[in-house]
Amino acid sequence: MRKIKIKALFLFLISISISYAQQPVKPSSVEIYNQIKKLNFLGSVLYVAAHPDDENTRLISYLANDMNARTGYLSLTRGDGGQNLIGPQLRELLGVIRTQELIEARKVDGGEQFFSRANDFGFSKTPDETLQIWDKNKVLADVVWTIRKFQPDVIINRFDHRSPGTTHGHHTSSAMLSVESFNLTNDPKVYPEQLKYVTPWQVKRQFFNPSWWFYGSQEKFDAANKEKFTRFETGVYYTGLGKSNQEIAALSRSRHQSQGFGSTGVRGLETEYLELINGEKAKDRDNLFDGIDTSWNRVKNGKPIGDLISKIIEKYDFSNPSASLSDLVKAYTMIEALEDGHWKSLKSESIKNIIASCSGLYLEAVASEQEATPGSTVKLSLEAINRSSVVMQLTSVTTLPDNKNTAQNVTLKDNDDQKINLQLQLPSNIEYTQPYWLKEKATVGMYTVSNQENIGIPDIIREVKVVFNVKINNVEIPFERTVVYKYNDGVKGEMYNFLDIVPEVTTSILEKVLIFRDTKSKMVPVKVRAGKDAVAGNLQLELPKNWLVSPKQIPFSLDKKGSDQIYYFEVTPPVNPEETVLKAVAIVDNKRFDKDETIIDFNHITKQMVLKPAESKAIRIDLKTSGDAIAYIMGAGDEVPESLTQMGYKVTIIKPEEITPEKLDSFNVVITGIRAYNTVNALANKQNILFNFVKSGKNMIVQYNTFGKTVTNQLAPYPLKISNDRVTEENAKVTFLAPNHPVLNTPNKISTKDFEGWTQEQGLYYPNEYDPAFTPIISSHDKGESAKNGALLVAPYGKGYYIYTGLSFFRELPEGVVGAYRLLSNMISLKQPIEAPKQDIKQ
């Protein structure tokens, strides 16, 4: 049966076509109506999986928007270990991007977002390995914490806890921890330290959300016996929005741009299935909340509130939402009169948003500049306008974190815009703006968050806010707004960012890995950036005593906030091979500033500032190179060209359209960036030129591409097939299959020691089928698996060499892994032996 809903989506669906995350939401009359309906539903579902983009957005959208359930997604990690299709950011910076992509996805599908402290350390083949690296007890504690805090009636796991080894180890681990938590969350003896902030909670039932993927194919899933499954017809149509549930889900999933998960919306009937794995069996199998009171009756003295909201829904005037204001304000006072509890705080915030929406009450606090330093004064411009016939009064405003209340007593008449100027004094000890989970030292498997109350919070915690205290019908209601900065872009129009709290000075060593091939000194550039006007001090570069640096310090002076200057230190390495860390430190008024500011700015997410130690790795290395000119064809994005430059090569990044025989003639080597053949369509028509380049006596190195869709089937001049083979254990033993091959001997003698200290993984997406022309160079494997021989394949072609490698140079080089530099140098240096000219034989 076809289901059509008058429903539209809520606050989070206002502007789907372009996402500028800080822009204030301005809901339509239909969207306000649905917010009120959601106000009258007191049931919740928590969806659990491992990574950003693991979640079933179709089910989350359906639960949030059709069933009106409070719906959360607990992603155990922030996706730090994945790849990045939109830029060079990896590890924790990629985690910041993917965190924001999840937050944007939830704005679209109506869910809420949560995380644990687990660090995505990369692909894992078993849950045993995953839980060992993660610290199982801490991640389990975070799952229990999230459940106790969110208080879901129902939990839905994306993955099957009963099938270890059949999928990513993180996936199975997320399900296993969720299942284990089911009987722990209501036990006060389990993680009792949490009970200072939350109460024990028992989930009613827990499900597994199967799909065709778990059965191997759609055909097998269609044929499976699903009689005992709970089922939902999720292919609903929201007439108020003009979109199907699947179209909303596709828009949500398309927020995962860094992972290339753009999705096309579909329409029509669709069924989702759930398998009960824990808890009480429902009498009505297809009623997720069977036996659970989802009305206001579940709250002491809540029934009159439910009755009043039902009345508001019944009498709602789509042409005049403000007609509901009187009853909404009454409902607000009734909610505030309840005993403190879970639903009181949630519904109080919800109804305040509805009251503001119904009245067209627009409240905004804008800073005059986007950045401020601790202890400084911030100029604020406040705006308050009521666009309804109900007269209101702005009694006062309270600034945070100084908690200063300033009386206003301004009457807010219909459509009479009020502007107020204020100054906010920031505390000298206010924390810098940055992702809270990156403030403390992390391990490979876990982030450190010492403050229990912060665990699970999805976003940056921002302290600078303004509370507008507005009296409506003699009831004073506080409306809190985070301080923003906005400006007009000539192309994009009104643009928003949040106010960021920054250090007085930040420093940055511009080269994150410095390679010293001999004892010659290098000039090291260090950038100093001012976080305020008129800042001066001394810049220092800290190194061990056996590394020489000159001068010892450099005076600097910057007049304007946001200005920067580059200074140079001469660094001389020791005689013997050694690795060390350089630290750039600015001393201002006897205060030490040693943070490097990284800005992440993409159109589809909120602008992010990350503060990391201002450090760089310096390596005195035994490295020989030959050849000098390299053409680099960028793929999805990586930092390999910078590493090649450090090695002494002349690197030119060329665009696909520039690939011509004439252009390539001046280069010795062509290297394609990671996933180039997945992302650069133009390469499909350039293969003959590239192969002829090799044939003429040059080298071509192709870095990894993912299994599946490539822009051409002819990746190499000989047959070669990419697989899902990978070696995730970075310390896996390496065996040389061709120990005498020049790639292991010239100009650097490669040994197994060169594979020590690799990070996250050895390599990924190795070819498992290839022409006999290829020589497999190395072999390794994860524990309990067969040998993987496709990590490095070398084939002579004409007078040159074609090399395909799945080794993760894109991770190892930026981390300063010495062996990766030495092996890559050999790959670049490969030359075929020159045949001696034939001699005429005299008769």
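Provided above is the structure to which this section pertains.
What follows concerns the packing of helix 5 (residues 136-150) against helix 6 (residues 169-181). The interhelical angle for the contact between helix 5 and helix 6, taken along N-to-C directions, is 60°, at an axis separation of 10 Å. With respect to helix 6, the axis of helix 5 lies oblique. In the packing of helix 5 onto helix 6, the handedness of the crossing is right-handed. In this structure, helix 5 uses K136, V139, L140, V143, V144 and I147 to contact helix 6, whose residues at the interface are L177, S178, E180 and S181. Split into classes, the residues belonging to the contact of helix 5 with helix 6 amount to six nonpolar, two polar and two charged.

Here we take up the packing of aromatic side chains. Counted by the stated rule, this structure contains 28 aromatic pairs. Ring geometry for Y33 versus Y316: centroids 5.3 Å apart, planes at 45°, classification tilted. Of this pair, Y33 sits in helix 1 (residues 29-39) while Y316 sits in the loop between helix 10 (303-315) and helix 11 (325-336), placing them 283 residues apart in sequence. Accessibility classification places Y33 together with Y316 in one group, the buried group. Geometrically, the ring pair formed by W145 and Y197 is edge-to-face, given 6.1 Å between the ring centres and 85° between the ring planes. Of the two residues, W145 is situated in helix 5 and Y197 in the loop between helix 6 and strand 6 (205-208); the sequence distance between them amounts to 52 residues. Judged by relative accessible area, W145 falls into the buried class, the value being 2%. Put simply, the rings of F691, Y718, Y770, F774, Y797 and Y802 touch in pairs and so form one group of aromatic residues. Sitting over the face of the ring of Y273, K226 holds its NZ or CZ atom 5.4 Å from the ring centroid. Its guanidinium or amino end placed over the ring of F261, R253 lies 4.5 Å from that ring's centre, counting from NZ or CZ.

Let's shift gears to the environment of R529. By the secondary structure assignment, R529 is in strand 24 (residues 522-530). Exposure remark for R529: the relative accessible area of 19% places this residue in the buried category. As for R529 and L102, which are separated by 427 residues in sequence, their C-alpha atoms are 31 Å apart. Contacts of R529, omitting those with residues within four sequence positions, involve E371, E504, V505, T506, L558, G562, S563, D564 and E597. Polar contacts involving the side chain of R529 include one to the side chain of E371, which spans 3.2 Å.

Attention shifts here to helix 4 (residues 127-134). Among the residues of helix 4, P127, E129, T130, L131 and W134 are the ones counted as buried. Residues of helix 4 that are buried in the fold lie against helix 5 and helix 6. Just downstream of helix 4 lies D135, where phi reads positive at about 80°.

What follows concerns the sheet that holds strand 5 (residues 154-157). Hydrogen bonds between backbone groups are what pair the strands of a sheet, and the pairing can be parallel or antiparallel. Taking strand neighbours across the sheet as the criterion, the seven strands line up as 4-3-2-5-6-10-7 in an open arrangement whose pairing is mixed. Edge strands, defined here as strands with exactly one partner in the open sheet, are strand 4 (112-115) and strand 7 (230-233). Looking at each pair of strands side by side, their axes are set apart by 30° on average, direction ignored. Direction of pairing for strand 3 (residues 70-75) relative to strand 4: parallel, over a ladder of four bridges. Bridge pairing in strand 4 links S75 to F115. In the packing of helix 2 (residues 57-65) onto the sheet, contacts are made with strand 2 (44-49), strand 3, strand 5, strand 7 and strand 10 (271-279), and the angle to strand 3 comes to roughly 150°.

Across the two faces of strand 5 the burial is the same, with V154 and I156 and I155 and N157 all buried. With four bridges joining them, strand 2 and strand 5 adopt parallel strand pairing. Bridge assignment links V48 to a residue of strand 5, and that residue is N157. For strand 5 and strand 6, the ladder comprises four bridges, and the chain directions are parallel. Paired with I155 across the strands is Q206, a residue of strand 6. Regarding topology, helix 6 serves as the crossover connection from strand 5 to the parallel strand 6, and that connection is right-handed.

Structurally, Q452 is set in the loop between strand 16 (418-425) and strand 17 (465-472). Classification of Q452 as buried rests on a relative accessible area of 17%.

Looking now at helix 5. Along its 15 residues, helix 5 runs 21 Å from first to last C-alpha, staying within 8% of the 21 Å computed at 1.5 Å per residue. The buried count for helix 5 comes to 11 of 15 residues, which makes it a mostly enclosed element. Regarding helix 5, the residues found buried are V139, L140, A141, D142, V143, V144, W145, T146, I147, R148 and F150. Taken from the residues just after helix 5, Q151 is the one with a positive phi, measuring 55°.

With that out of the way, let us pick up the nonpolar core. Membership of the largest hydrophobic core comes to 75 residues, with the highest contact counts inside it found for L644, L690, Y802, L807, L823, M827 and I828. Among the elements that take part in this core, helix 18 (residues 818-829) stands out by supplying six residues, more than any other. For Y802, the contacting residues outside a window of four places in its chain are F691, V694, M700, V702, L715, A716, P717, F774, L793, V794 and A795. With 57 residues, the next largest nonpolar core counts L42, W296, I355 and I501 among its residues.

Taking strand neighbours across the sheet as the criterion, the seven strands line up as 35-34-36-37-44-43-41 in an open arrangement whose pairing is mixed. A single partner strand is all that each edge strand has here, and the edge strands are strand 35 (650-653) and strand 41 (775-776). Of the pairings in the sheet, the one linking strand 43 (residues 792-797) to strand 44 (residues 800-805) comprises six bridges and is antiparallel in character. Paired with L792 across the bridge in strand 44 is T805. The strands touched by helix 16 (residues 687-695) are strand 34 (629-633), strand 36 (669-672), strand 37 (699-702), strand 43 and strand 44; relative to strand 44, the strand with the most contacts, the crossing angle is about 125°.

Evaluated as defined, the whole model comprises 42 salt bridges. Where K300 meets E339, a salt bridge forms, and the shortest distance between an N and an O atom there is 3.1 Å. Residue K300 is found in the loop between strand 10 and helix 10, and its partner E339 is found in the loop between helix 11 and helix 12 (342-359); the two are separated by 39 residues along the sequence. E339 carries the same exposure label as K300, and that label is exposed. A salt bridge links D340 to K344, with the nearest nitrogen and oxygen atoms 3.0 Å apart. A network of salt bridges, in which partner residues are shared, links K125, D782, E785 and K788.

So, how was this worked out
- Residues numbered from 1 in each chain as written.
- Predicted model: local features only at pLDDT ≥ 70, side-chain atom pairs only at ≥ 80, totals over all residues.
- Heavy atoms only, no water.
- Axes fitted to C-alpha atoms, helices over the stretch in contact; angles between N-to-C directions.
- Helix = DSSP H or I, 4+ residues; strand = E, 2+ residues; numbered from the N terminus.
- Parallel < 35°, antiparallel > 145°, perpendicular 65-115°, else oblique.
- Left-handed = near helix turned anticlockwise from the far one by under 90°.
- Contact = heavy atoms within 4.5 Å.
- Nonpolar A, V, L, I, M, F, W, Y, C, P; charged D, E, K, R; others polar.
- Phe/Tyr/Trp six-rings, centres within 6.5 Å; stacked < 30°, edge-to-face > 60°.
- Buried < 20%, exposed > 50% of the residue type's maximum accessible area, 1.4 Å probe, protein only.
- Lys NZ or Arg CZ within 6 Å of the ring centre and 35° of its normal.
- Polar contact = N/O pair within 3.5 Å; in protein donor to acceptor, adjacent residues only side chain to side chain.
- Pairing = 2+ DSSP bridges.
- Right-handed = clockwise from strand over helix to strand, strands pointing away.
- Expected span 1.5 Å × (residues − 1).
- Core = buried A, V, L, I, M, F, W, Y, C linked by side-chain atoms within 4.5 Å.
- Salt bridge = Lys/Arg side-chain N within 4 Å of Asp/Glu carboxyl O.

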